[in-house]
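Next come the chains, spelled out residue by residue.
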Amino acid sequence: MAASMAAAARRLRRAFRRSPLWGGLSRRPFSSEPPPASATAVRDAFLSFFRDRHGHRLVPSASVRPRGDPSLLFVNAGMNQFKPIFLGTVDPRSEMAGFRRVANSQKCVRAGGRHNDLEDVGRDLSHHTFFEMLGNWAFGGEYFKEEACRMAWELLTQVYGIPEDRLWVSYFGGDPKAGLDPDLESRDIWLSLGVCASHVLSFGPQENFWEMGNTGPCGPCTEIHYDLAGRGGAPQLVELWNLVFIQHNREADGNLQPLPQRHVDTGMGLERLVAVLQGTRSTYDTDLFSPLLDAIQQGCGVPPYLGRVGAADEGRTDMAYRVVADHIRTLSVCIADGVCPGMSGAPLVLRRILRRAVRFSTEVLRAPPGFLGSLVPVVVETLGDAYPELRKHSAQIVNLVSEDEAAFLASLQRGRHIIDQTLRRLGPSDLFPAEVAWSLSLSGNLGLPLDLVELMLEEKGVRLDSAGLARLAQEEAQHRLRQAEPAQERGLQLNVHALGELQRRGVPPTDDSPKYNYSLRPSGGYEFGTCEAQVLQLYTEDGTAVASVGKGQRCGLLLDKTNFYAEQGGQASDRGYLVRVGQEDVLFPVPRAQVCGGFILHEAVAPEGLKVGDQVQLHVDEAWRLGCMEKHTATHLLNWALRQTLGPGTEQRGSHLNPERLRFDVATQAPLTPEQLRAVEGTVQEAVGQDEAVYMEEVALARTAHVPGLRFLDEVYPDPVRVVSVGVPVAEALDLASQAALQTSVELCCGTHLLRTGAVGDLVIVGERQLSRGTTRLLAVTGEQAQQAREVGQALAQEVGAAAERLSRGSQDVVEAQRLSKDMGRLTDAVDTAVMPQWQRRELQATLKVLQRRANTAIRKLETGQAAQKTQELLRRHSEGPLIVDTVSTESLSVLVKVVRQLCERAPRTSVLLLSPQPLGHVLCACQVAQGTTPAFTAEAWALAVCSHMGGKAWGSQVVAQGTGTTADLEAALRTARAYALNQL
């Protein structure tokens, strides 16, 4: 019976997932108490239940930008921010390390990557790109299956009042291939809670075994489903809540190993829960969406939303309603979290979402220009209380959405024009050129989705060259691969088992406080102390713990303390060496140190044997460390200067530094102007020139919570946290009454810094580019490199000035003018690639653009005058006739072409071919055929015949062509030209 019911339920679930409707939902209350009246009440009831009844800590939603997780485009589940706990890598001093039972409502985006619902949105009544995930978690065995199931059942049936007979549950039925038994414990828990036995179903690993990825923590899950049909017919099940019991780890070889600690991870989609509680046909009929649907109707003047799908949705009006409503929510949430439409990664996905929304709003709903931006306030009103960042950034969201909408509409109009122009040149059976389609696409110049380009061509009855398009896509992918920053080698890592074993043994986290033990000598130099430590554990390259390593073996060393800075917070790791105490002549090079769950792992290649218990002495590479300190303090000054120049709302989006240069990403409304770049450098130079003291102190994290002007990133900070303040002691900077953090650079930072700003020397911004709309990446150098950059900039400025002076004097010679034009091009290339101040580069680029235009204009005038003179000479030599074949002395193919054209303008019935001898036997060729002689006699074929005779090549059209060749017998080439023409004529 159970097996047949399970099979039936499986079929029902599959059918439901294919079904576009949530049919037959009752609108009656589920209990004598009224259900929560709004989505806000449903969300609040969830959070209050876990906080007040079951002692959970409420944590804010993480940003939809993944925090230090390159495997994700967007945060797509509530558990993402807690991955360090699951993996055992959480900093033991951080607030997160103390989490035991927590709950929240997490903003999630599923578009692009492994979980991608983008193309399904609008086609049915349930898919979304943005949704809210309600979740509760228990870490480290705080509670497990029984408590998790009991809490979930209590919330659904007692708080939300869902009838028990409408709920079904599934549990993991085992996997013999993986050696996993059925999760009978979960089954028995549900039965003990009163769930009807016929409503408890078992499923295999595909449905009821959750995995984080190809490797990592995983475990069986139990799902709670709601029966849409109720007592009125066959069950129609929809998943409400997934409870995951993380107890295994998927190893790299595919095997499962038990985790050192067990966790509970649950997730329930708010939109689906609200639909059930409000008795609606779909998530789009809830109060999460109804304000948006009403605003769309009012703004577009279309018929009301009716919830139709498929063939019933004539004109796809209701689909457009759903697409626009969903996508504007996604756009608003992402932009508020710092993800803006761009050209790669998550920004590119967001750009596609925006353009899909524009297409449906303009083409289906006939929305007026600027319509999408007008919906942002509706989203803010609906979600702003739960996610305050929406209110904070509402104006920026409106601006970005409106600007990109206007740009896309302009591109759409231009794209249609280009398609029409191209079609006029094609034959009836020709394929539309892949190169043109590519130039119109998101990967090309105009940013039109390729499916839209194909649709526009389909409407005109034209087929696209799909094979050519696939080739271009492959070439683009290869180009991006070549251009991508090389992935950093991960190095040795401690896996979840190694970390668990250290914690089981009670090994304390590495004491890395000696990394801050350095001081200024009276001479102004820095003195870095050494550090003596004991080897607690050794690891081989594959992460296996060993008691000793042999000569030449690459290994990882875990010490009780270290003065090495492990890479974190955007600062590169220290490098250096260690020696065994008592054997100082044998150096163990240490190229890198990494932090794993509070333990610092030093990578080394052992020149001799090393064993656990050995005493070692560590020495950092002082020049490398000082370079990092210089760049890190400069990064703080740059952050401060950007706020001073662009406004206090300017936010850092990320940074990375090493001794060579620093990289800084900043949120901007528009690209920085040369004046702004120069002002930023000036502000930094002022702080450097004052040689201010840099104060550093560890304080309780709570003391930093409400300090105006204090800079911090969306990161997990340790507690206590280190504060770095320029020019003002930390205690004074954190005093709320002092407002000091508004007047200088004050940041939360664990990095190593200079003790005075003067050692920065200078800072020059040498590069700037838009990562995405709203985010600018700056590259900067300091010290001697900065001075060299300024010298290069000054030298190039002088060269540009000299070129401008030469141009202003004018020239009467084409060759000299062309030489000057080439010099302009060379200078442009030099300015584009030089390491120099970016503000100066932008100014010189603008100057050179004007000078190049003037030089080209001068060349054209000189060439036209020279051509007119030579045309006159040729007309005097040749009487009127059908043919002119001759030689002309000129060093320019451009002049030769002009002479040919002027001759044909003066003698329209004459076909002309001219050759111009050059040094070393090279010959230039240009020709034009008379009106009415084509297609029997074409210029391209004429030029090809002559240039082939000279061993060269030709190109052009039926009317005008040109080419080159090499010959010692110019007269033979002229005879070939005359003979070919007379034969054709």
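Residues numbered from 1 in each chain as written. Predicted model: local features only at pLDDT ≥ 70, side-chain atom pairs only at ≥ 80, totals over all residues. Heavy atoms only, no water.

A few points about the overall build of the protein chain
Rule in force here: Helix and strand assignments follow DSSP, with helices taken as H or I runs no shorter than four residues and strands as E runs no shorter than two, numbered in order from the N terminus. Think of it in three bands: residues with accessible area under 20% of the maximum for their type are buried, residues over 50% are exposed, and the middle band is partly exposed, with areas taken using a 1.4 Å probe on protein chains only. A contact between two residues is defined here by any heavy atoms of the two lying within 4.5 Å. With residues, only the protein chains shown are counted as cover, and all accessible areas are computed by Shrake-Rupley using a 1.4 Å probe.
Per the secondary structure count, the protein chain includes 26 helices and 33 strands. Overall, the protein chain is about 110 × 85 × 60 Å in size when its C-alpha atoms are taken along their principal axes. Counting only residues that meet the buried cut, the protein chain has 52% of its 985 residues in that class. Considering only intrachain contacts with a sequence separation of at least 6, the fraction spanning at least 24 residues in the protein chain is 71%. Summing over all exposed atoms, the protein chain offers an accessible surface of approximately 43100 Å²; the carbon and sulfur share of this is 49%.

Considerations on the sheet that holds strand β25 (residues 721-726)
What counts is decided by this rule: Paired strands are those between which DSSP finds at least two bridges. Angles shown run from 0 to 180 degrees and are taken between the N-to-C directions of axes, each axis being a line fitted to C-alpha atoms and, for helices, limited to the stretch in contact.
Read from one edge of the open sheet, three strands run β24-β25-β26, paired in antiparallel fashion. Edge positions in the sheet fall to β24 (694-699) and β26 (746-748), since each has one partner strand and no second. Neighbour-to-neighbour, the strand axes of the sheet open up by a mean angle of 20°, direction not taken into account. Sheet topology places β24 next to β25; six bridges connect them, and they run antiparallel. Looking at the pairing, E697 lines up with V723 of β25.

Remarks on the sheet that holds strand β29 (residues 883-887)
Taken in spatial order, the five strands line up as β29-β30-β31-β33-β32 in an open sheet, and their pairing is mixed. If you trace the sheet from one side to the other, it starts and ends with β29 and β32 (953-956), each paired once. When the angles between neighbouring strand axes are averaged without regard to direction, this sheet yields 10°. Here helix α24 (residues 893-906) sits on the sheet and contacts β29, β30 (911-917), β31 (922-928), β32 and β33 (960-966); the angle it forms with β31, its principal contact strand, is near 30°. Docked against the sheet, helix α26 (residues 970-984) engages β29, β30 and β31, running at close to 170° with respect to β29.

A closer look at the packing of helix α4 (residues 145-159) against helix α5 (residues 184-192)
Just so we agree on the cut-off: The labels follow the angle: roughly parallel below 35 degrees, roughly antiparallel above 145, roughly perpendicular from 65 to 115, and oblique for the rest. Take the far helix as the reference: if the near one is turned anticlockwise from it by less than a right angle, the crossing is left-handed, and if turned clockwise, right-handed.
For the pair α4 and α5, interaxial distance at closest approach is 10 Å and the crossing angle is 40°. Classified by the interaxial angle, the pair formed by α4 and α5 is oblique. Seen along the crossing, α4 lies across α5 with a hand that is right-handed. Between α4 and α5, the contacting residues are K145, E146, C149 and W153 on the first element and E185, S186, I189 and W190 on the second.

Observations regarding the environment of Q568
Tracing the backbone through its elements, the reader meets Q568 in the loop between β15 (554-559) and β16 (576-580). For the pair Q568 and P708, spaced 140 residues apart in sequence, the C-alpha separation works out to 25 Å. If we ignore the near neighbours within four places in the chain, the residues touching Q568 are K515, V595 and C750.

Focus: the domain arrangement of the protein chain
Inclusion rule: Each domain span listed reflects an automatic or database assignment of domains.
For the protein chain, the assigned domains are domain 1 (39-280), domain 2 (288-417), domain 3 (426-476), domain 4 (496-620), domain 5 (628-692 + 756-877) and domain 6 (879-983). Each of domain 1 and domain 5 was reduced to a C-alpha centroid, and the two centroids are 53 Å apart.

Describing the pairing of strand β18 (residues 592-596)
Burial of β18 is extensive: four of the five residues sit out of reach of the surface. Here β18 pairs with strand β19 (residues 599-605) via five bridges, running antiparallel. Bridging across to β19, C596 finds its partner in F599. What sits between β18 and β19 in their antiparallel hairpin is a turn of two residues, with G597 showing a positive phi close to 60°.

Quick word on the UniProt feature "binding site: Zn(2+)" (unreviewed entry) in the protein chain
The criterion, for reference: UniProt positions are given in the numbering used here, feature names are shortened, and annotations may be inferred rather than shown by experiment.
Per the UniProt record, "binding site: Zn(2+)" (unreviewed entry) is found at H632, H636, C749 and H753. Spatially, the listed residues are clustered: although they cover 122 residues, their C-alpha atoms lie within 9.8 Å of one another. Checked against the element boundaries, H636 lands in helix α18 (residues 622-646). Assessed through its relative accessible area of 2%, H636 is described here as buried.

Notes on the packing of aromatic side chains
The cut-off we apply is this: Here the aromatic set is Phe, Tyr and Trp, taking the six-membered ring for Trp, and pairing holds for ring centres within 6.5 Å; pairs whose planes are under 30 degrees apart are stacked, those over 60 apart are edge-to-face, and all others are tilted. In our convention, an over-ring charge means Lys NZ or Arg CZ found within 6 Å of a ring centre and within 35 degrees of that ring's normal.
Scanning the model with the defined rule gives 18 aromatic pairs in all. Ring geometry for F49 against F50: centres 5.0 Å apart, planes inclined by 90°, an arrangement best described as edge-to-face. Like F50, F49 is buried. Seen from their ring centres, Y526 and F528 are 6.3 Å apart, and the 25° between their planes marks the pair as stacked. What links up through ring pairs into an aromatic cluster is the set F82, F86, F99, W137 and F139. Its guanidinium or amino end placed over the ring of F144, R262 lies 4.0 Å from that ring's centre, counting from NZ or CZ. The ring of Y516 has R722 sitting right over it, with the charged end atom 3.4 Å from the ring centre.

Notes on the pattern of salt bridges
Rules: Every case where a carboxyl oxygen of Asp or Glu lies within 4 Å of a side-chain nitrogen of Lys or Arg is listed as a salt bridge.
Summed over the entire model, instances satisfying the criterion amount to 42 salt bridges. With a closest N to O distance of 3.6 Å, E799 and R826 form a salt bridge. Of the two residues, E799 sits in helix α21 (residues 783-809) while R826 sits in helix α22 (residues 814-833), which places them 27 residues apart along the sequence. On the basis of relative accessible area, E799 is assigned to the partly exposed category, the value being 34%. Accessibility expressed as a relative area gives 45% for R826, which makes it partly exposed. Residues D823 and R806 are paired through a salt bridge, measuring 3.1 Å at the closest nitrogen-oxygen approach. Here the residue D823 occupies a position in helix α22, and R806 occupies one in helix α21, the gap between them amounting to 17 residues. You can call R806 partly exposed: its relative accessible area is 33%. Each of E541, R554, R592 and E603 takes part in salt bridges that share partners, so that together they form one network.

Concerning the nonpolar core
Definition in use: To qualify as a nonpolar core, a set must consist of buried Ala, Val, Leu, Ile, Met, Phe, Trp, Tyr and Cys residues joined through side-chain atoms within 4.5 Å.
Y160 and W241 are the most contacted members of the largest nonpolar core, which has 119 residues in total. Here this core gets twelve residues from one element, more than from any other, and that element is helix α9 (residues 317-336). Not counting residues up to four positions away in its chain, the partners in contact with W241 are F46, F50, N136, A152, L155, L156, T222, E223, I224, T266, G267 and M268. Core analysis: the second largest hydrophobic core is formed by 52 residues, A604, V616, M629 and L662 among them.

So, the packing of helix α8 (residues 290-300) against α9
In a pair of packed helices, the angle between the axes and the distance between the axes together describe the arrangement. At a minimum axis separation of 10 Å, α8 and α9 run at an interaxial angle of 120°. As far as their axial angle goes, α9 and α8 are oblique. Between α8 and α9 lies a crossing whose hand is right-handed. For the pair formed by α8 and α9, the contact residues are L292, L293, I296 and Q297 on the first element and Y321, V324, A325, I328 and R329 on the second.

Quick notes on α22
Operational definition: The span one expects for a helix is its residue count, reduced by one, times 1.5 Å. In this context, the arc is that of the directions from the helix axis out to the C-beta atoms.
With 20 residues, α22 ought to run about 28 Å at 1.5 Å a step, and its terminal C-alpha atoms sit 29 Å apart, in line with that. Buried within α22 we find V814, A817, L820, S821, M824, L827 and V831. For α22, the arc enclosing every buried residue in end-on projection is 145°, short of the 170-degree limit, so these residues lie on one face. Exposed side chains of α22 directed beyond 90 degrees from the buried face belong to K822 and T833. Against α21 and α23 (838-877) lie the buried residues of α22.

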